[in-house]
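# Summary of the model geometry
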Amino acid sequence: MRNSERIIRAILIVYLAFIFIFIFTPIVTSIIFSFNSDRFPTLPLGSFTLKWYETIYSDPDVWEAARNSLIVAVSVGILSTIIGFCTAYTDFRYQFRFKNTYLALALLPPTVPLIILALAMLAWFSKIGVSGQLWTIILAHTVLCAPFAMAVIRLRLQQMDADLESAAWNLGASEWAAMKEVVIPFATPSIISALCLTMAVSFDEFAVAWFVSGLNKTIPVIILEILQGNIDPQINAIGTFVFFTSMTLVIIAQLFFSFRSPKTP
Amino acid sequence: MKINTQKKAVGRIGSKVDGYALTWRLPVIFWQLLFFVGPLLFTIAMTFFLVKNYRMTEAFEMKNWVKMMGKGYFWDSYFLTIGLASLATVVASCLAFPAAYALAFKVSENTRRWAIFFLIIPFFTSYLVRTFSWYVILAESGVVNNVLGWVGLGPYTMLNTKFGTMVGYMTLTLPLVIILQTLPIANVDRRLVEAAQNLGANGFWTIVKVIIPSARVGLIIGAVFCFILSFGDFVSPYYLGGSKPPTLPIMIIDTTKSGQQWPRAAVVAVIMMVTLMVVAFASIKYAYRKKS
């Protein structure tokens, strides 16, 4: 009995390892091939090269796209974290009629397929006459990202003793002062998390950006366009750069999210 | 200095709405109505518009609906998309379950936390680049066929097949499904599991009779998310699946980008939304049904 349990456990662990290999294979492959000299990426590997990085480095379109992506991601991060914080705090503190409708409105966007949102936003923005601007991507991405920010910050507020805020009021602080001195400092790690996560989501989003951007391409839109052409190892170089950017953001987000003391001292 | 003892009661329970409360409550309402609900409602309205001389004119006609729903190729795509998304849901749920079970029961809590940490990373990294990687790996002269060639197998055609599409869908959905399954399975009451084992159930029957029923809601939520993501994804069926025939998301892109037929694309979008709502509501209803 003990023996068979050990065998089952071993099989499951090996299975788990295979699943993780499957999940990380495309990421690792892309990084390896970004340094590989062959035009068509296959085995055995060619020689080590930096030429794909040089190609993208000297491409003004890529720089332009990187600039666009940066502007969009930072703006979206800030806007959606602010909106997410407001929503999370409302949910944490208040009970009111139609609160479920309110929360549904706040949290539903990620459940709608991006391609549908992309079409809807494209049509809506042309209807109100603002299509093809860089900042329309910011408006659209904020819709998608605010729920993530809300969820992250809400989980942190959950750990806050509800009496902490009332204690501040009893000591004479106004609601605004209590917010500034108690709630925001408590939520700061999750605010940083939310900022990084929403930036990562925005930085990788391609469907909505592709539809509403017009001529202002972001990095994922450039990748999509290269994909539509021939096989081009440039993608691996851009991809590696994109991976490291998003991974850095996600890892920072998780560090702030999980490795802080869960309760107030 | 004021003493605000009253505020606590009002703030926590009451529905007193003041400037402070509204400051936090209104931003999301304003934003989502303007940039989420607005666009979706406009999409529904747009299905009744007409396109004349490449310009969309506002109207209230059923032409687009009649046109799209009368076409055989639309229904081919519709059932293909539902079929692929359902297959992806079954495959992802089955592939994820042993992994989630192992993470919940067979590893330490610390390992589980790290595993989930690593499962979150791909969710926030470029799906496009990962798809391109698979394209290279699965190609006729790609890495997989290369390795198989060393042992005298292949080459197999994996791109432009349903297999290719599934690999792409799994790349998109599997990490999320594993996370969504692991959390409820890890929360299954250990005493129930021990009780089942004391009563003589082996591992298999413990899973079927105790763990799956206890974690049912979470397992279904994972499946629903998998369905939604695969149903709406255009990247895998296009770049890995070959898009013959196109799935509904690809049809939206083709109709919008090349045909300038936004109203017809909107018809496809609305049908997709309705389908997803039916699937989601039916699943949630099933998840929370009373045990007979």
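This is a predicted model, so every value here is computed, not measured.

### Here's the deal with the overall build of chain B
Scanning chain B for helices and strands turns up 14 helices and two strands. Computed over C-alpha atoms, the radius of gyration of chain B comes to 25 Å, more than 25% over the 19 Å expected from 2.2 N^0.38 for 292 residues, which places it beyond the range of a compact globule. Each principal axis of the C-alpha distribution contributes one length, and for chain B these read about 80 × 70 × 45 Å. Across the 292 residues of chain B, 52% fall into the buried class. In chain B, the share of contacts with a sequence separation of at least 24, taken over all contacts with a separation of at least 6, comes to 69%.

### Some words on the interface of chain B and chain A
Opposite the 95 residues of chain B that make contact, chain A presents 92 residues. Buried area between chain B and chain A, summed over both chains or domains, comes out near 8800 Å², and the portion from carbon and sulfur atoms is 78%. For the pair chain B and chain A, the interface holds one salt bridge. The tally of links from chain B across to chain A stands at twelve residue pairs in polar contact (both at pLDDT 80 or more).

### Focus on the packing of helix H4 (residues 72–106) of chain B against helix H8 (residues 162–186) of chain B
All names here are of chain B. Contact geometry for H4 and H8: axes closest at 6 Å, N-to-C directions at 45°. Considered as vectors, H4 and H8 are oriented oblique to each other. Crossing of H4 against H8: the hand is right-handed. Classifying every residue of the contact of H4 with H8 by side-chain character gives 23 nonpolar, five polar and one charged.

### Quick look at empty space enclosed by the protein
Residues and elements named next belong to chain A. For the structure on display, the rule yields two cavities of 30 Å³ or more. Lining the second largest cavity are Ser69, Val72, Ala73, His141, Ser202, Phe203, Thr218 and Pro220. Of all the secondary structure elements, the ones that give two or more residues to the lining of the second largest cavity are helix H3 (60–93) and helix H8 (175–204). Of all the elements, H3 adds the most residues to the lining of the second largest cavity, at three residues. In terms of residue class, the lining of the second largest cavity is built from four nonpolar, four polar and no charged.

### What to know about the confidence of the model for chain A
Low pLDDT means the predicted atomic positions in that stretch should not be read closely. Averaged over all residues, the pLDDT of chain A equals 89, while 97% of them reach at least 70. Per-element confidence in chain A is highest for H3 of chain A, whose mean pLDDT is 95, and lowest for helix H11 (residues 234–258) of chain A, whose mean pLDDT is 87.

### Some points on a nonpolar patch on the surface
The grouping of Val147, Trp150, Val151, Leu153 and Tyr156 of chain B at the surface amounts to a nonpolar patch, some 540 Å² of accessible area in total. Residue placement: Tyr156 of chain B occurs in the loop between helix H7 (143–150) and H8.

### Describing the environment of Ile23 of chain A
Checked against the element boundaries, Ile23 of chain A lands in helix H1 (residues 2–33). On the basis of relative accessibility, which here comes to 4%, the residue Ile23 of chain A falls in the buried class. Residues within four places of Ile23 of chain A in sequence aside, it is in contact with Leu119, Pro122, Pro175 and Ile178 of chain B.

### Things to note about the pattern of salt bridges
Tallied over the entire structure, the rule returns ten salt bridges over all chains. Across the salt bridge formed by Glu58 of chain B and Lys127 of chain A, the nearest N and O atoms sit 2.7 Å from each other. Taken together, the positions of Glu58 of chain B in the loop between strand S2 (55–57) and helix H3 (63–69) and Lys127 of chain A in helix H5 (residues 114–127) put the pair across two chains. The exposure class assigned to Lys127 of chain A is partly exposed, which follows from its relative accessible area of 44%. Asp189 of chain B is paired through a salt bridge with Arg191 of chain B; the nearest N and O atoms lie 3.0 Å apart. On the basis of relative accessibility, which here comes to 31%, the residue Asp189 of chain B falls in the partly exposed class. A network of salt bridges, in which partner residues are shared, links Asp91, Lys99 and Arg154 of chain A.

Cut-off values and rules
Residues numbered from 1 in each chain as written. Chains lettered and ligands numbered in written order. Predicted model: local features only at pLDDT ≥ 70, side-chain atom pairs only at ≥ 80, totals over all residues. Heavy atoms only, no water. Helix = DSSP H or I, 4+ residues; strand = E, 2+ residues; numbered from the N terminus. Rg over C-alpha atoms; globule rule 2.2 N^0.38 Å. Buried < 20%, exposed > 50% of the residue type's maximum accessible area, 1.4 Å probe, protein only. Contact = heavy atoms within 4.5 Å. Buried area = accessible area lost by both parts, 1.4 Å probe. Salt bridge = Lys/Arg side-chain N within 4 Å of Asp/Glu carboxyl O. Polar contact = N/O pair within 3.5 Å; in protein donor to acceptor, adjacent residues only side chain to side chain. Axes fitted to C-alpha atoms, helices over the stretch in contact; angles between N-to-C directions. Parallel < 35°, antiparallel > 145°, perpendicular 65-115°, else oblique. Left-handed = near helix turned anticlockwise from the far one by under 90°. Nonpolar A, V, L, I, M, F, W, Y, C, P; charged D, E, K, R; others polar. 1 Å grid on protein atoms, 1.4 Å probe; cavity = no way out; pocket = protein on both sides within 12 Å on 5 of 7 lines; lining within 4 Å. Points joined across faces, edges and corners; volume = space filled by probe spheres on them. pLDDT = per-residue confidence, 0-100. Patch = residues over 30% accessible without salt bridge, like charges linked within 9 Å, V, L, I, M, F, W, Y side chains within 5 Å. Areas by Shrake-Rupley, 256 points an atom, 1.4 Å probe, with all protein chains shown as cover.

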